[in-house]
Amino acid sequence: MCLKCENISFGYKKNNLILNNVNLSLGSGEVLGLIGDSGSGKSTLCKILAGYENNYQGNVSIDGKAIPSKGYNPVQLVFQHPEKAVNPKWKMKDILNEGHIVPQDILDSFGIKKSWFNRWPNELSGGELQRFALARALSPETKFLIADEITTMVDAITQAQIWNIVLDIVKELNIGVLVVSHEKKLISKLCHDVVYLDDINTV
Amino acid sequence: MGYMENMGNMGNMENMENMGNMENKTKTTAKEKKKTEALLKVENISLSFIQYASGLRQTELKVISNLSIEAHSGEILAVVGSSGSGKSLLAHAILGILPSNAKLDGKMEYNGQQLTPEKKEEIRGKEIALVPQSTNYLDPLMRISNQVIGCVEEKNEGLMKKVQRDIFQKYDLKPDVDRMFPHELSGGMTRRVLVSTAVMSSAKLIIADEPTPGLDEKTLNETLSYFKDMANRGCAVILITHDIEAALKISDKIAVFYAGTVLEVANVEDFKNNGENLRHPYTRALWNALPQNKFQAIKGHQPMQDEVIDGCIFYERCSKKNELCSKGIPQLKSVNGGVVRCNNVS
């Protein structure tokens, strides 16, 4: 499978484009790094790929077919701030199983404890919440994972823990991953290949 | 040569004694003068939150215990540790902006004076400035330049406006940013706006709470250099971060937090040679987990605040634990020019 975006252009204002003719492709099982300066449109591109933003020009497709706007989206986006991506009035077990019933082996590999299930989101740390967000996004139907600075807010040990788990799971499920980060050293450790947004963005 | 000049300027016997252990550091004159007395002393503070458990029954949730740090003028103290280790709470405790159900014990001194709640209120925003962690700290309905300037008397407004513009220029924030609202800024721009609020004030103590995540390498180095500038001008800077690499670039000392207490205060040099000279197993684990080092994670989690632990707080995850470690919290002791809270270090 191959996630492709072709000639993507996007701007909040008509005469001020953030993305101009961006092309990118991501294959199954591939771990691709995306680096760009702050404000260069990385997160915007992520949102477009995952279907959060509709008002763009160009094409996003999987194997040449448009991504259906209804049903489970095979392209899942995980954000930098997990606390903003969970419903503060839901308990963790409801948040976790929002998209699919997360199987026990995924919970085990993320080290998610049963005792956390009855907590509210504000009772967990950022690293713990991010594990929930990832477990929630990695369903069997997920084909591509867009990781938008998912470990920027956690400490080095948690970062290593999270990425080691994610890499194992995506390998097993043959998921393609787009790793967005500022940390070149992290990218070079994780990724098979790196794309610089400045090179593919002609703004 | 610079070293000799500094000595000439001081002519103070107390400082002369300190010179021995500073041979290979180049320090500015301002730094040396104020070296002896800490600007901010935090001694053995504990912080807990009163919570309602069920009905009217209250429980106390301890989030910081026996925590001590010192910040010196002209120096950068980095505070590193995982989220939930109490880093931000320490900042809020120093500023006196904790929620009303917080209970703070222990001693804090600023410039030789007891730091009481009244004193905190008097000097915060003036002598102590905070660069907040979350980009949500900006008012979503206020234009950027207005919130950076804050409340000023009308006659000073023109002047402040100019100062603000100059600082923004330095940070590469274009004139049209002045009139933008927070949602129009990118993550990196928001960071630069937050940093410039601290530069605007003439504070002597700057507490920067995670000022760098989400910045690209160039902006990161620039931001760090501004903190270094502040320190060189004689400010004391407390840089709260989980980015050890960033901390190492500019700091003088690094305090490692874990589950609400300090496990180690190390000098920057200790991180050289693969961290051989680091004292605490947790600090070493942090170092080994960096992508450029081994990218190796140790098992387990930082204990939750409501878990009661008798022994060393790191016991569960420690590779060097022995029987003694499960009984009683190890005392902080000085080792090799730093401090550490571990039984197995001598």
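Our subject is the structure that appears above.
Cut-offs used in this document
Residues numbered from 1 in each chain as written. Chains lettered and ligands numbered in written order. Predicted model: local features only at pLDDT ≥ 70, side-chain atom pairs only at ≥ 80, totals over all residues. Contact = placed C-beta atoms within 7 Å. Helix = DSSP H or I, 4+ residues; strand = E, 2+ residues; numbered from the N terminus. Nonpolar A, V, L, I, M, F, W, Y, C, P; charged D, E, K, R; others polar. Core = buried A, V, L, I, M, F, W, Y, C linked by C-beta atoms within 7 Å. Buried ≥ 20, exposed ≤ 12 C-beta atoms within 10 Å, placed from the backbone. Axes fitted to C-alpha atoms, helices over the stretch in contact; angles between N-to-C directions. Parallel < 35°, antiparallel > 145°, perpendicular 65-115°, else oblique. Pairing = 2+ DSSP bridges. Left-handed = near helix turned anticlockwise from the far one by under 90°.

1. Side note on the interface of chain A and chain B
Then step 1. Counting from both sides, the interface comprises 25 residues of chain A and, opposite them, 26 residues of chain B.
Then step 2. Broken down by element, the residue count for the side of chain A that touches chain B peaks at seven residues, all from helix α5 (residues 156-173) of chain A.
Then step 3. Classifying every residue of the side of chain A that touches chain B by side-chain character gives six nonpolar, 12 polar and seven charged.

2. Structural notes on the nonpolar core
Then step 1. Judged by nonpolar contacts, the single largest core of 145 residues is most densely connected at I206 and V237 of chain B.
Then step 2. Residues contacting V237 of chain B, with those up to four places away along its chain left out, are I76, I206, A208, F227, M230 and A231 of chain B.

3. Here we look at the packing of helix α8 (residues 187-200) of chain B against helix α9 (residues 217-232) of chain B
All names here are of chain B.
Then step 1. Following both chains from N to C, one finds α8 and α9 inclined at 10 degrees, their axes separated by 11 Å at the closest point. By the angle class used here, α8 and α9 are roughly parallel. On α9, the residues that touch G188, R191, V195 and V199 of α8 are T219, T223 and Y226.
Then step 2. Of the residues assigned to the contact of α8 with α9, the class counts are three nonpolar, three polar and one charged.

4. As for the sheet that holds strand β5 (residues 65-66) of chain A
Residue and element names in this part refer to chain A.
Then step 1. Pairing in this open sheet of four strands is antiparallel, and the strands run β2-β1-β4-β5 from one edge to the other. Where the open sheet ends on each side, the last strands, each with one partner, are β2 (16-27) and β5.
Then step 2. With eight bridges connecting them, strand β1 (residues 2-13) and β2 associate as antiparallel partners. Bridging across to β2, K13 finds its partner in N16.
Then step 3. Relative to β1, helix α1 (residues 42-49) is tilted by about 120 degrees, and along the sheet it contacts β1, β2 and β4 (57-62).

5. Regarding the sheet that holds strand β7 (residues 205-209) of chain B
All names here are of chain B.
Then step 1. The strand order β6-β7-β8-β3-β9-β10-β12-β11 describes an open sheet built from eight strands, whose pairing is mixed. Either end of the sheet is taken by a strand with one partner, and the two such strands are β6 (128-131) and β11 (333-335). Between one strand axis and the next, the sheet turns through 25 degrees on average, direction left out of account.
Then step 2. When β7 meets strand β8 (residues 236-241), the two strands line up parallel, connected through five bridges. Among the inter-strand pairings, L205 is bridged to a residue of β8, identified as A236.

6. Observations regarding the pairing of β1 of chain A
All names here are of chain A.
Then step 1. Taking the residues between adjacent antiparallel strands as the criterion, β1 and β2 are bridged by two residues.
Then step 2. Summarising the sheet, β1 and β4 pair through five bridges and their orientation is antiparallel. Within β4, the position partnered with S9 by the bridge is Q57.

7. Some thoughts on the packing of helix α7 (residues 157-170) of chain B against α8 of chain B
Residue and element names in this part refer to chain B.
Then step 1. Between α7 and α8, the least distance of the axes is 10 Å, while the angle of their chain directions is 130 degrees. In terms of their interaxial angle, α7 and α8 are classed as oblique. Pair α7 / α8 crosses with right-handed handedness. Contacts from V163, Q164, I167 and F168 in α7 reach S196, V199 and M200 in α8.
Then step 2. Looking at side-chain class alone, the contact of α7 with α8 contains five nonpolar, two polar and no charged residues.

8. Focus on unusual backbone geometry
Residues and elements named next belong to chain B.
Then step 1. The backbone of N66 shows a phi angle near 45 degrees, a positive value even though the residue is not glycine.
Then step 2. In this fold, N66 is placed in strand β2 (residues 57-71).
Then step 3. Classification of N66 as partly exposed rests on a count of 16 C-beta atoms within 10 Å.
Then step 4. At A259, a residue that is not glycine, the phi angle is positive and equals roughly 45 degrees.
Then step 5. Assignment of secondary structure puts A259 in the loop between β9 (253-258) and β10 (261-267).
Then step 6. Take A259: there are 24 C-beta atoms within 10 Å of it, and that puts it in the buried class.

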